[in-house]
Amino acid sequence: MIHFVFTVVLVACSLVFTGSAQAQTVASLGGEPTNFFERLFGGSISPTARRVVFWPGNNRPGTIVISTSQRRLYFVLGTGRAIQYGIGVGRPGFTWTGIKTVSMKREWPSWSPPAAMRRRRPDLPRYMEGGLGNPLGARALYLGSSMYRIHGSNEPETIGYAVSSGCIRMTNADVVDLYNRTRVGTKVVVLR
């Protein structure tokens, strides 16, 4: 009898817990915890988690603005708001500024390291299929005819740091979110 009661209580608790987790999901980008587990364990996992912020600039909605010094990417929403994402940027000697346009978008992109990168890192392959082990991550936004991209990363611990060869790194979850908001032709402004 005790075993039966324990089983019933356990099943009831798991249903309540699962239902509560599903009911607590928040589709907000306000920086607050987005699901039951984040609420339970103290909020967002990353200090660079995406959130909606005040945007004082006069950029058109849909513009991407990258601040390499802040290590943040902003997707301008308009009406004084933007979505802020944490990013990884180029290490010293590999930073750049300018205006580019998203020329191509790819899901789970393949990767061919440039010759200059292979000279610095002879351990790199000439070509790598897209997938979980690929350094470009889940999505890539190609910037004009340059070799630079905004892309996901299989090294999320590098977000917030200057570690790349000039590309802009994001967590895979964030780059998927940005990818879904961005079209080919989007203006990208890269600031110091």
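Treat the numbers as computed from the prediction; the structure is a model and nothing was measured.

Enquirer: Is there a simple way to explain the pattern of salt bridges in this structure?
Expert: Going through the model one piece at a time under the given rule, you end up with six salt bridges. For D174, the salt bridge goes to R50, with nearest N and O atoms at 2.6 Å. You can see D174 sitting in helix α4 (residues 172–181) and its partner R50 sitting in the loop between α2 (36–40) and β1 (51–54), a full 124 residues away along the chain. When its relative accessible area of 7% is taken as the criterion, D174 is described as buried. Two residues, D123 and R121, come together in a salt bridge whose shortest N-O distance is 2.7 Å. On the basis of relative accessible area, D123 is assigned to the exposed category, the value being 56%. Three or more residues are tied together by salt bridges with common partners; here these are R50, D174, D177 and R181.

Enquirer: Help me out: how do you make sense of α4 in this one?
Expert: It helps to recall that an α-helix has 3.6 residues per turn; residues three or four apart then point in one direction. Restricting attention to buried positions, one finds in α4 the residues D174, V175, D177, L178 and Y179. On the buried face of α4, the contacting elements are β2 (64–67), β3 (72–78), β4 (81–86), β6 (98–107), β7 (139–143) and β8 (149–151).

Enquirer: Hey, could you run me through the sheet that holds β1 in this one?
Expert: The pairing of strands in a sheet happens through backbone hydrogen bonds and is either parallel or antiparallel. Spatially, β1-β4-β3-β2-β11-β6-β7-β8-β10 is the arrangement adopted by the nine strands of the open sheet, whose pairing is mixed. On the outer flanks of this sheet lie β1 and β10 (168–169), each paired with one strand and no other. Sheet topology note: the β6/strand β11 (residues 187–191) ladder contains four bridges and is antiparallel. When the bridges of β11 are listed, I99 appears paired with V189.

Enquirer: Can you help me understand the pairing of β2 in this one?
Expert: The side chains of a regular strand alternate, residue by residue, between the two faces of the sheet. Here β2 shows a buried face lined by I64 and I66 and a second buried face lined by V65 and S67. Taken together, β2 and the strand that follows it, β3, pair antiparallel across an intervening segment of four residues, in which R71 is found at a positive phi of about 60°. Pairing analysis gives four bridges linking β2 to β11, with the strands arranged parallel. In the strand pairing of β11, I64 is matched with V188.

Enquirer: What am I meant to see in the environment of Y161 here?
Expert: Counting through the fold element by element, Y161 comes out in the loop between β8 and β9 (162–164). Once the C-alpha coordinates of Y161 and V89 are considered, the two residues, 72 residues apart in sequence, prove to be 6.4 Å apart. Aside from chain neighbours lying at most four places away, what touches Y161 is R71, I87, G88 and V89.

Enquirer: I keep staring at unusual backbone geometry and nothing clicks. Help me out?
Expert: The phi angle of most residues is negative, glycine excepted, and most peptide bonds adopt the trans form. Notably, T79 is not glycine yet its phi reads approximately 45°, a positive angle. Structurally, T79 can be placed in the loop between β3 and β4. Of note, W108 is a non-glycine position whose phi angle comes to about 40°, a positive value. Secondary-structure assignment places W108 in the loop between β6 and α3 (115–120).

Definitions and limits used
Residues numbered from 1 in each chain as written. Predicted model: local features only at pLDDT ≥ 70, side-chain atom pairs only at ≥ 80, totals over all residues. Heavy atoms only, no water. Salt bridge = Lys/Arg side-chain N within 4 Å of Asp/Glu carboxyl O. Helix = DSSP H or I, 4+ residues; strand = E, 2+ residues; numbered from the N terminus. Buried < 20%, exposed > 50% of the residue type's maximum accessible area, 1.4 Å probe, protein only. Contact = heavy atoms within 4.5 Å. Pairing = 2+ DSSP bridges.

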